[in-house]
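# Working through the structure, step by step
Listed below are the residues making up each chain.
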Amino acid sequence: MPTWLILDGVIRFSSWQGTSSFSCPAFFFFMNIPSMDTQTNKKTFSVVPGLNMGLFEPKDLETILQVINKYDVPATKITSAQRLALLGMTEEDMAALQQELKDHTRTVAKNGVTYVQSCPGPKWCKFGIADSLSLGKKLEELSMEKPFKAKLKVGVAGCRMCCTEPYVRDVGIFASKKGWTLVFGGNGGGNPRLGDIVATGLNDDEVLALVKKCLTVYQEEANPHSRTARFMERFGIEALKKRVLDK
Ligand code: SF4
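Below you will find a few notes about this structure.

Quick notes on the rules
- For every chain, the first residue of the written sequence is number 1, and numbering continues from 1 along that sequence.
- This being a predicted model, a pLDDT of at least 70 is required before a residue's local features are given, and a value of 80 or more before pairs of side-chain atoms are given or counted; all residues contribute to the totals for chains, interfaces and linings.
- Three exposure classes are used, all based on how many other C-beta atoms lie within 10 Å of a residue's own C-beta (placed from the backbone): buried at 20 or more, exposed at 12 or fewer, and partly exposed between those limits.
- Helix numbers and strand numbers start at the N terminus; a helix is a DSSP run of H or I with at least 4 residues, a strand a run of E with at least 2.
- Directions from the helix axis toward the C-beta atoms define the arc.
- Think of it this way: DSSP has to see at least two bridges between two strands before they count as a pair.
- To decide nearness, the C-beta atom of each residue is placed from the backbone, and the residue is near a molecule or strand if that atom lies within 6 Å of it.
- Gly counts as polar in this scheme, as do all residues outside two lists: the nonpolar Ala, Val, Leu, Ile, Met, Phe, Trp, Tyr, Cys and Pro, and the charged Asp, Glu, Lys and Arg.
- Lines fitted to C-alpha atoms define the axes here, with helix axes fitted over just the stretch in contact, and angles between the N-to-C directions of these axes take values from 0 to 180 degrees.
- What a helix is expected to span follows from its residue count: subtract one and scale by 1.5 Å.
- Residues are treated as contacting if the C-beta atoms built from their backbones sit within 7 Å of each other.

This next bit is on helix α2 (residues 91–101). Each turn of an α-helix holds 3.6 residues, which means side chains three or four residues apart point in the same direction. Here α2 has its buried residues at M94, L97 and L101. Looking straight down α2, one finds that the buried residues subtend no more than 65 degrees of arc, so they occupy a single side. Pointing more than 90 degrees away from the buried face of α2 are the exposed residues E92 and Q99.

This is the structure:
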């Protein structure tokens, strides 16, 4: 029975071309394979390891390539969530492949977010204003007291271009010269929603603290299995601000 595997956080080639003189570099996001969750559609299986926001190192690429060749993986695909999907394996090969990759696994934060997408930020992009990779790493390590009621996706962008689409993530953050802007309750799926701006002009500590406050309210008030987008439609940005912003 064919199976497929997704290596999280793999390679993102951004081909954005905002000006004639600029095109974003090829962005490499390293996979780090944590607790590989599996999925199936009855005919195929997938494994969704977690991210590390990391950049690919040569040894990581070598390991991936060796494993792909060893198991003769029929197809590989870069997904929109900065993951690498390994497609069409047998169930047995998938299990063995998982085992081989487990040493590349990162420790997943307890009750953490589903994944964080981050752009390369100022170190690698001339438009970058603030260190999106460092902030993304902190968000990946964020650990809550309780589990979330649904998937929780995060997008962090190093400038207002918003290459990682923070307005359509549960938690979206982008930088401007005044500091970080926090957007909450976005969704890019079949029932899309632009997130609401919670606050602007935040420093690293402030935005992290505010994310945690928003997530705590979401955990306390959202209906079971409700994504943040549906929660915010019901709860409202003004009510959220009253709960999370200091008077
Ligand atoms: S969001 Fe800004 S800093 Fe990040 S990759 Fe896009 S243009 Fe560069």
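Bridging between strand β6 (residues 75–78) and strand β7 (residues 84–90) involves four bridges; their strand directions are antiparallel. Across the sheet, T76 pairs through a bridge with L86, a residue of β7. Where β6 hands over to β7, the hairpin turn is made up of five residues, of which Q82 adopts a positive phi near 60 degrees.

What follows concerns the site of the ligand. The full set close to the ligand counts 13 residues, and C119, C125, G158, C159 and C163 are the nearest of them. Each residue belonging to the shell around the ligand can be placed in one class, and the counts come to 10 nonpolar, three polar and no charged.

This part covers the pairing of strand β11 (residues 179–184). In terms of burial, β11 is a largely internal element, five of the six residues being buried. Bridge analysis of strand β10 (residues 171–176) against β11 gives six bridges, and the strand direction is antiparallel. Counted as the bridge partner of S176 is G179 from β11. Joining the antiparallel neighbours β10 and β11 is a turn of two residues. Bridge analysis of β11 against strand β12 (residues 196–202) gives four bridges, and the strand direction is antiparallel. Residue pairing in the sheet places L182 in a bridge with A199 of β12.

Let us now look at unusual backbone geometry. You will see that N111, though not glycine, has its phi angle at about 55 degrees, which is positive. Residue classification places N111 among the partly exposed positions, given that 15 C-beta atoms sit within 10 Å. Positive phi is not limited to glycine here, since E165 has a value of about 55 degrees. Structurally, E165 is set in the loop between β9 (153–157) and β10. The class for E165 is partly exposed, based on 17 C-beta atoms found within 10 Å.

A few words on the sheet that holds β11. Read across the sheet, five strands follow the order β8-β9-β10-β11-β12 without closing on themselves; strand pairing throughout is mixed. Both outer strands of the open sheet, β8 (115–118) and β12, are each paired with one neighbouring strand and no more. When the angles between neighbouring strand axes are averaged without regard to direction, this sheet yields 15 degrees.

Taking 1.5 Å per residue, 18 residues should reach 26 Å; helix α4 (residues 204–221) reaches 26 Å between its end C-alpha atoms and fits that length. Along α4, the residues classified as buried are V207, L210, V211, C214, L215 and Y218. Along the axis of α4, the buried residues cluster in a sector spanning 135 degrees; they form a single face. Residues D205 and E220 are exposed on α4 and point more than 90 degrees away from its buried face. Tucked into the core, α4 has its buried residues touching α3 (132–140), β10, β11, β12, α5 (228–235) and α6 (237–244).

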